[in-house]
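Notes for the structure review
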2 protein chains.
Amino acid sequence: MNSLKQMDRGALSDALDHFGQRTTPQRETVFGVLLNQRDHPTADEVYARTKSQMPTISMATVYNCLETLVSCGLVKQVNIEREPTRYCPNLSPHAHFHCRETGRVYDVPVPSGMMQELAGVLPGEYEADSVELVFRGHLSKGKTK
Amino acid sequence: MNSLKQMDRGALSDALDHFGQRTTPQRETVFGVLLNQRDHPTADEVYARTKSQMPTISMATVYNCLETLVSCGLVKQVNIEREPTRYCPNLSPHAHFHCRETGRVYDVPVPSGMMQELAGVLPGEYEADSVELVFRGHLSKGKTK
DNA sequence: ATTTGATTTAGAATAATTCTAAACTATGTT
DNA sequence: AACATAGTTTAGAATTATTCTAAATCAAAT
Ligand SMILES: [Mn+2]
Ligand SMILES: [Mn+2]
Ligand SMILES: [Zn+2]
Ligand SMILES: [Zn+2]
């Protein structure tokens, strides 16, 4: 399975439209790859996955599409230390957990009350429009989910 | 003013000793640069500042010293988006605020209770040994501190 | 059909960081 | 003191994720 669900296809063209950008097969395929396997892939990984569905796509296009999706607000970049940028289509407020052992990155839902509280630690003159929360450690048990 | 205070010199050699590393003039100078101007400089900036006190130091040595200080736990790396790594000698629990307008990075103290609460959002199987919190936005007023 | 501008593409360029290998320095031993 | 050893510094090369460039392709509008 790989093609975009109707809902996601709609969200994609709405967002692209809104920023005066075209809906293209490359953008649809890259977006589908991100929605389909939500493991915070790097550009390289997105390239490999997209190429398996669309063998002619280039790395440059993957970077272009990812940048477009980010600038339209459909995808977030996740930077952890100096590692290659990862991409996350989860738009709900969440933190990331980076496992030192496997290198994998997991979404951790954050109650919106907590986000409020976080904003509260900022002195008055600081006006934040984004908050980024990253945990690092390891997962206990064989729980790899 | 630039030389290390006795307290800091002690902390430095203790930490280096503890990890079987030598106290060298380069390491002292780089550490002093970080303690002296706590604006989260990049390696380039640390290089420039250190060079003004020790004109023969090389970029490679600055990177080596910074890495040594980090591995001894005296300094933290601060990564924001894809920008060059910054270095922070503030060991108390704090968040960072990145001003989109000036590019500057500020320390924001975080009450330890808040850190507890943050750890609380993690499901049981996630064991975090570090938490990183970064705000992005802008500073109101001419308050450039 | 033609024009226009956006998009895709291959490959070159960039830039922060890491690596390499040689010179230098400090420390411990005879 | 001379020597051996291991750690450190250094210049420059290498690496690598990402961005840039310029040409080819595509799609909408006239
Ligand atoms: Mn990792
Ligand atoms: Mn910036
Ligand atoms: Zn995520
Ligand atoms: Zn800091």
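Relevant structure appears above.
Residues numbered from 1 in each chain as written. Chains lettered and ligands numbered in written order. Predicted model: local features only at pLDDT ≥ 70, side-chain atom pairs only at ≥ 80, totals over all residues. Heavy atoms only, no water.

**Observations concerning the relation of the copies chain A and chain B**
It takes a turn of 180° to lay chain A on chain B, together with a shift of 0.0 Å along the axis; the resulting RMSD is 0.0 Å. Between the two chains, the operation in question is that of a two-fold axis. Ranked by how close their C-alpha atoms come to the rotation axis, the residues of chain A are headed by Leu133(A), at 2.4 Å. Both copies share a contact surface, since 100% of the interface residues of chain A are interface residues in chain B too. (Least-squares fit on C-alpha atoms with pLDDT ≥ 70 in both. Contact = heavy atoms within 4.5 Å.)

**As for the sheet that holds strand 4 (residues 105-109) of chain B**
Pairing is mixed in the open sheet, where six strands are placed in the order 4(A)-3(A)-5(A)-5(B)-3(B)-4(B). Among the strands making up the open sheet, the edge pair consists of strand 4 (105-109) of chain A together with strand 4 of chain B. Here the strands of the sheet are splayed against their neighbours by 30° on average, with no regard to which way each runs. Strand contacts of helix 5 (residues 112-120) of chain A: strand 3 (94-99) and strand 5 (126-139) of chain A together with strand 5 (126-139) of chain B, with the helix running at about 60° to strand 5 of chain B, the strand carrying the most contacts. Here helix 5 (residues 112-120) of chain B sits on the sheet and contacts strand 5 of chain A together with strand 3 (94-99) and strand 5 of chain B; the angle it forms with strand 5 of chain A, its principal contact strand, is near 60°. (Pairing = 2+ DSSP bridges. Helix = DSSP H or I, 4+ residues; strand = E, 2+ residues; numbered from the N terminus. Axes fitted to C-alpha atoms, helices over the stretch in contact; angles between N-to-C directions.)

**Thoughts on the side chain of Thr68(B)**
All names here are of chain B. Looking at the element boundaries, threonine 68 is found in helix 4 (residues 59-71). Judged by relative accessible area, which is 8%, threonine 68 ranks as buried. Sequence-distant contacts of threonine 68, defined by excluding residues within four places in its chain, comprise Leu16, Gln21 and Arg27. (Buried < 20%, exposed > 50% of the residue type's maximum accessible area, 1.4 Å probe, protein only.)

**Observations regarding the environment of Gly73(B)**
Mapped onto the secondary structure, Gly73(B) falls in the loop between helix 4 and strand 1 (76-78). In this structure the C-alpha to C-alpha distance between Gly73(B) and Ser92(B), which are 19 residues apart in sequence, comes to 12 Å.

**Focus: the coordination of the manganese ion (ligand 1)**
Residues and elements named next belong to chain A. Those donors, Glu83 (OE) and His98 (NE2), are the protein atoms that reach the manganese ion (ligand 1), and they lie 2.3 to 2.7 Å from it. Here the residue glutamate 83 occupies a position in the loop between strand 1 (76-78) and strand 2 (86-88), and histidine 98 occupies one in strand 3, the gap between them amounting to 15 residues. With relative accessibility at 25%, the residue glutamate 83 sits in the partly exposed group. (Donors = N, O, S within 2.8 Å, 3.2 Å for Na, K, Ca; no water.)

**Notes on the interface of chain A and chain B**
Contacts between chain A and chain B engage 38 residues on the former and 38 residues on the latter. Roughly 3400 Å² of surface becomes buried between chain A and chain B when both sides are summed, with 56% attributable to carbon and sulfur atoms. Interface area lost by chain A to chain B is led by Arg82(A), Glu125(A) and Tyr126(A), which between them contribute 19%. At the surface where chain A touches chain B, the tally comes to two salt bridges. Asp129(B) serves as the salt-bridge partner of Arg100(A), at 2.3 Å between the closest nitrogen and oxygen. Those elements giving two or more residues to the side of chain A that touches chain B turn out to be strand 4, helix 5 and strand 5 of chain A. At 14 residues, strand 5 of chain A tops the list of elements feeding residues into the side of chain A that touches chain B. In this structure, strand 5 of chain A lies alongside strand 5 of chain B, joined through 13 bridges in antiparallel fashion. Counted as the bridge partner of His138(A) is Glu127(B) from strand 5 of chain B. (Buried area = accessible area lost by both parts, 1.4 Å probe. Salt bridge = Lys/Arg side-chain N within 4 Å of Asp/Glu carboxyl O.)

**What about the nonpolar core?**
If you look at the biggest cluster of nonpolar residues, it comprises 30 residues, and the most contacted ones within it are Phe97(A) and Phe97(B). Put simply, the parts of the chain that give this core at least two residues each are strand 3, strand 4, helix 5 and strand 5 of chain A together with strand 3, strand 4, helix 5 and strand 5 of chain B. (Core = buried A, V, L, I, M, F, W, Y, C linked by side-chain atoms within 4.5 Å.)

**With respect to the pattern of salt bridges**
All names here are of chain B. One pass over the full model with this rule turns up 10 salt bridges over all chains. Note that arginine 136 is salt-bridged to glutamate 81, the shortest N-O span being 3.1 Å. Taken as a pair, arginine 136 in strand 5 and glutamate 81 in the loop between strand 1 and strand 2 (86-88) lie far apart in primary sequence, 55 residues in all. Accessibility expressed as a relative area gives 34% for glutamate 81, which makes it partly exposed. Among the ionic pairs, glutamate 83 bridges to arginine 86, the shortest N-O distance being 3.6 Å. Classification of arginine 86 as buried rests on a relative accessible area of 11%.

**Points about the pairing of strand 5 of chain A**
Relative to strand 5 of chain A, strand 3 of chain A runs parallel, the two sharing four bridges. Residue pairing in the sheet places Phe97(A) in a bridge with Phe135(A) of strand 5 of chain A.

Nothing here speaks to function; it is all geometry.
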